[in-house]
Every structure is written in C-alpha cells, then in structure tokens.
Amino acid sequence: MNRQKRLIVGGLWIAVAVVMATTLDLGVPSSASGAARLFVVVLALFLASVYLLDPWNVVSDPFRQE
C-alpha cells in the first residue's frame, strides 16, 4: 500500500474515532455501552496509528504484490 492510500485510510480511522468520541460522556464509563464506545475509540486510534506510522511494516510489506 503506497503512502497516499495509507494517509487516506489513517485519516478515515481518525474520523471514526472523532465521531465515536463525541458520543462519550465525560468521566469513566458506567455502562457496558459506554465501555464499548470507549473501546471503539481506542481501537480506531490504534488502527490509525498502524496505517499512518506502519511500525511493524505490516501495511507496506515489500513482498506482497498488489
């Protein structure tokens, strides 16, 4: 995956995290749905960092053919 595609996908994951973060209440989640929303925000930010930074060379594997 080239750099431009990685930036687009990473930006989309950040947008998902922002949209889900607007649904969270302030403080520690007290319900299962609040905890699930917080989990989705953390997961989306993790996926965005994987696509943007590619720390383990997972996304831009040189041996994978596109």
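Cut-offs used in this document
Residues numbered from 1 in each chain as written. Predicted model: local features only at pLDDT ≥ 70, side-chain atom pairs only at ≥ 80, totals over all residues. Heavy atoms only, no water. Helix = DSSP H or I, 4+ residues; strand = E, 2+ residues; numbered from the N terminus. Polar contact = N/O pair within 3.5 Å; in protein donor to acceptor, adjacent residues only side chain to side chain. Contact = heavy atoms within 4.5 Å. Buried < 20%, exposed > 50% of the residue type's maximum accessible area, 1.4 Å probe, protein only.

### Brief notes about the side chain of Arg-6
Then step 1. Mapped onto the elements of the fold, Arg-6 is located in helix H1 (residues 3-21).
Then step 2. Here the side chain of Arg-6 touches Leu-52 through a polar contact of 3.5 Å, landing on its backbone oxygen.
Then step 3. Non-local contacts of Arg-6, meaning those with residues more than four positions away in its chain, are made with Met-1, Tyr-51, Leu-52, Asp-54, Val-59 and Ser-60.

### Observations concerning the environment of Val-50
Then step 1. With respect to the helices and strands, Val-50 occurs in helix H2 (residues 32-53).
Then step 2. For Val-50, a relative accessible area of 11% corresponds to the buried category.
Then step 3. Taking C-alpha positions, Val-50 is 7.9 Å from Gly-10, a pair spaced 40 residues apart along the chain.
Then step 4. What Val-50 contacts, discounting residues up to four positions off in sequence, is Pro-55, Trp-56 and Val-59.

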